[in-house]
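What follows is each chain in one-letter form.
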Amino acid sequence: MSGRIEDPELFQDLFAPERAEEAVAPSGNPWKVLLVDDEDDVRAVFHLALQDVLIEGRQLLLLDARSAGEAKAALATSPDIALMLLDVVMESDQAGLELVHQVRNGLANRSVQIVLITGQPGYAPHRKVINDYEIDGYQLKSELNAERIFVSVSSALRTYRLLREQESLRRDLEQKVQELDQTLQALRESEANFIRAQSVAHVGSWTYDLVTDEILLSAETCRIFGLREGSVGNYKTYLERVFPEDRCGLQQAWQAALDRGTSFEHEHRIMVGAAIRHIRQRADLTCDAAGKPVRSLGTTQDITERKQAEDELRRSNGELEQFSYAISHDLRQPLRMISCYLQLLGMSLTEQLGAEQSEYFNFAIDGAKRLDRMLVALLEYSRVGRMGEPLTWLESRAIVDEALVFLQPAIAEAVAVISVCGNWPRVYVRPDGMLRVLQNLIGNATKFRVAGRTPEITVASTVAGTDWCLSVADNGIGIPAGQLSRLFQVFQRLQSRAAFEGTGVGLALCRKIVEHHGGRIWAESSGEGQGSRFCLSLPMDGP
């Protein structure tokens, strides 16, 4: 609105020598300054006055708005605007003041600095505006010169920086307070859980004096053994309570701990009246100056329920595997009969069937064949752990080389580049099982490839402590992040059968074989089209 800048010194100041601060090379992101005025010449003067100014080593990025409406749009697009130089009278007499109210209350923006630049103070009296509106500066256009503009802008931007730093410190403090509260709550819960666990775990303790051959038992240990509280025993009376078939193993483990002077741990059965309980004994030894064990402090844990559950689980798994084997084996014969007679029927009716009817016959025959392949895969899955070669020591690299020989046709078809690297140790495995795992993983890497991209497959091996770690990485189609948990389940397919043929059992078979070796298997991927990496870890301990 009208209210021209009349100061004759303004343009002299604009071309005066640069201030010391402005001689600093610009760095960092520029300050965003929004010039809101409906007069082009006023905004042009501000551009001239501020075009080469540096504030704390940062340049100014000047944005223009000819109305309060344009200013609102600019604030929505650039919420990091640090300063608004705002006219009052534009599309309405109170447009600038209404914009201040919208910014502070509607947008809840308290950090942007707002300096009113008015040419008609009658519409925005200084004292009233300062009292009624959250502004950070007030200037009359008639009193402006380059120095006043620089001082006003510099002061406002420094205030903005301090406010943002204060806000950042406040957020950091709130986060640290929240983290501290969470930590304290976790500590309280952990302490409560520990106290509760002590009361329900039923883990007893005992002290054995090897010099006097006297065993002092806690109340919980007495309960586990069915003894009167406060009972005292010795090595001989303890052995009498151990199940006869377990005594020899217990004595050997105890003597080995005494000879080494190390901790002792052993699981065995004890007789409590007519009942048999499973317990785990753990103990630390204390030696005299000559290194001879003289005292032992240990714990007794009743693991009867766990052993019963493990036995029941083994029995159930055995029955389930036998059931799966029987179902998959016995269903194949009638399925082959269905497929065979469908083909015979199709051939005998060839001249009578139309194209659509022939297609239906083909669908039925294809479905029967696909079901047969699934039954074969299920049969193989059920055999894992029950059939196959025994565990033996093998050169791990030899298994990979054998798998690559079997997969040569698939590798040649995919024109895949195979890299084998790393440390290849001797491992104690079932040869046929590990060969099947490697064939599945490398075969999948050649199959699930991106069209037009040369498959690059890396088979790597490392030794981590007592574990053998193997990985198969590729640059194929990748795996969506939310689907990783489904990979190793039976009949779970992430890709359509039209795109990639398969039964959906291969990875489940790999998981079962690896777990039967006492290891684990998992997959990693950055997402679709980003390739994938399948890893497995197996213990190298032999018999």
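The coordinates are above.
Residues numbered from 1 in each chain as written. Predicted model: local features only at pLDDT ≥ 70, side-chain atom pairs only at ≥ 80, totals over all residues. Heavy atoms only, no water.

**Student:** Can you explain the pattern of salt bridges? Please cite residues and give values.
**Tutor:** Enumeration according to the criterion identifies 29 salt bridges in this entry. Here Asp136 ties to Arg104 by a salt bridge, and the two come within 2.8 Å at their closest N and O atoms. Of the two residues, Asp136 is situated in the loop between helix H5 (126–132) and strand S5 (137–140) and Arg104 in helix H4 (residues 95–106); the sequence distance between them amounts to 32 residues. Of the charged contacts in the structure, one is a salt bridge between Glu165 and Arg161, with a shortest N-O distance of 3.1 Å. Placement of the pair is Glu165 and Arg161 together in helix H6 (residues 146–201), with a separation of four residues, close to one helical turn. On the accessibility criterion, Glu165 (38% relative accessible area) is partly exposed. Via salt bridges that share partners, Glu265, Glu267, Arg280, Arg282, Arg306, Lys307 and Glu310 belong to a single interconnected network. (Salt bridge = Lys/Arg side-chain N within 4 Å of Asp/Glu carboxyl O. Helix = DSSP H or I, 4+ residues; strand = E, 2+ residues; numbered from the N terminus. Buried < 20%, exposed > 50% of the residue type's maximum accessible area, 1.4 Å probe, protein only.)

**Student:** Provide a residue-level description of unusual backbone geometry, including the pertinent values.
**Tutor:** In this structure, Glu56 is a non-glycine residue whose phi angle is positive, near 55°. Turning to its location among the elements, Glu56 is positioned in the loop between helix H2 (40–50) and strand S2 (60–65).

**Student:** Outline the sheet that holds strand S18 (residues 532–539), listing residues and values.
**Tutor:** Strand order in the open sheet made by the five strands is S13-S15-S16-S18-S17, with mixed pairing throughout. Either end of the sheet is taken by a strand with one partner, and the two such strands are strand S13 (417–422) and strand S17 (520–524). Neighbouring strand axes in the sheet, compared pairwise and without regard to direction, differ in orientation by 15° on average. Two elements, S17 and S18, share five bridges in a ladder whose sense is antiparallel. (Pairing = 2+ DSSP bridges. Axes fitted to C-alpha atoms, helices over the stretch in contact; angles between N-to-C directions.)

**Student:** Break down the environment of Arg280 for me, citing the residues and quoting the values.
**Tutor:** Relative to the helices and strands, Arg280 is located in strand S10 (residues 275–287). In this structure, the C-alpha to C-alpha distance between Arg280 and Thr304, residues 24 residues apart in sequence, is 9.5 Å. If we ignore the near neighbours within four places in the chain, the residues touching Arg280 are Glu265, His266, Glu267, Thr299, Thr300, Gln301, Ile303 and Arg306. In this structure the side chain of Arg280 is engaged in a polar contact, spanning 2.8 Å, whose partner is the side chain of Glu267. (Contact = heavy atoms within 4.5 Å. Polar contact = N/O pair within 3.5 Å; in protein donor to acceptor, adjacent residues only side chain to side chain.)

**Student:** Go over the sheet that holds strand S7 (residues 214–217) with me, naming the residues and quoting the values.
**Tutor:** What holds strands together in a sheet is hydrogen bonding between their backbones, with the strands either parallel or antiparallel. Spatially, the six strands line up as an open sheet ordered S8-S7-S6-S11-S10-S9, and their pairing is antiparallel. The sheet is open, and its two borders are formed by strand S8 (232–233) and strand S9 (264–272), each paired with just one other strand. Where strand S6 (residues 203–209) and strand S11 (residues 293–302) come together, seven bridges link them in antiparallel fashion. By the bridge assignment for S11, Trp206 is matched with Gly298. Seen against the sheet, helix H9 (residues 244–260) touches S6, S9, S10 and S11 and runs at an angle of roughly 150° to S9.

**Student:** Which residues make up helix H3 (residues 68–77), and what values do they have?
**Tutor:** Quick reminder: α-helices carry 3.6 residues per turn. Residues three or four places apart thus point the same way. Taken residue by residue, H3 has Ala68, Ala71, Ala74 and Leu75 as its buried positions. All buried residues of H3 fall inside an arc of 115° around its axis, so they share one side. Among the exposed residues of H3, those oriented more than 90 degrees off its buried face are Ala76 and Thr77. The inward-facing, buried residues of H3 abut strand S1 (31–36), S2, strand S3 (83–86) and H4. (Arc of directions from axis to C-beta.)

**Student:** So, the nonpolar core: which residues are in play, and what are the values?
**Tutor:** In this structure, Leu441, Val459, Trp468, Phe534 and Leu536 are the most contacted members of the largest nonpolar core, which totals 37 residues. In terms of residues, this core owes the most to one element, helix H14 (residues 431–447), which gives seven residues. Residues in contact with Trp468, not counting those within four places in the same chain, are Ser396, Trp424, Pro425, Val427, Met434, Ser461, Thr462, Leu536, Ser537, Leu538 and Met540. Core analysis: the second largest hydrophobic core is formed by 25 residues, Met84, Val89, Ala95 and Val103 among them. (Core = buried A, V, L, I, M, F, W, Y, C linked by side-chain atoms within 4.5 Å.)

**Student:** Outline the packing of H14 against helix H15 (residues 506–516), supporting the account with residue identities and numerical values.
**Tutor:** At a closest axis distance of 9 Å, the pairing of H14 and H15 adopts a crossing angle of 145°. At the point where H14 passes H15, the crossing takes the left-handed sense. Side by side, H14 and H15 meet where Gly433, Met434, Arg436, Val437, Asn440, Leu441 and Asn444 of the first sit next to Gly506, Leu507, Leu509, Cys510, Ile513 and Val514 of the second. The residue makeup of the contact of H14 with H15, split by class, is eight nonpolar, four polar and one charged. (Left-handed = near helix turned anticlockwise from the far one by under 90°. Nonpolar A, V, L, I, M, F, W, Y, C, P; charged D, E, K, R; others polar.)

**Student:** Tell me about the packing of aromatic side chains, residues and numbers included.
**Tutor:** Tallying each qualifying case throughout the model produces five aromatic pairs. Pairing Trp31 with Tyr160 gives two aromatic rings, centres 6.4 Å apart and planes at 80°, and the pair type is edge-to-face. Here Trp31 is found in strand S1, whereas its partner Tyr160 is found in helix H6, with 129 residues between them in sequence. Each member of the pair, Trp31 together with Tyr160, is buried. Their ring planes at 50° and their centres at 5.3 Å tell us that Trp393 and Tyr428 sit as a pair that is tilted. With a gap of 35 residues between them, Trp393 in strand S12 (residues 392–395) and Tyr428 in strand S14 (residues 426–429) connect regions that are remote in the sequence. Taken together, the aromatic side chains of Tyr208, Trp254 and Phe264 make up a single cluster linked through ring pairs. The ring of Trp31 is capped by Arg58, whose NZ or CZ atom sits 3.8 Å from the centre of that ring. (Phe/Tyr/Trp six-rings, centres within 6.5 Å; stacked < 30°, edge-to-face > 60°. Lys NZ or Arg CZ within 6 Å of the ring centre and 35° of its normal.)

By themselves, these are just geometric observations and shouldn't be taken as functional.
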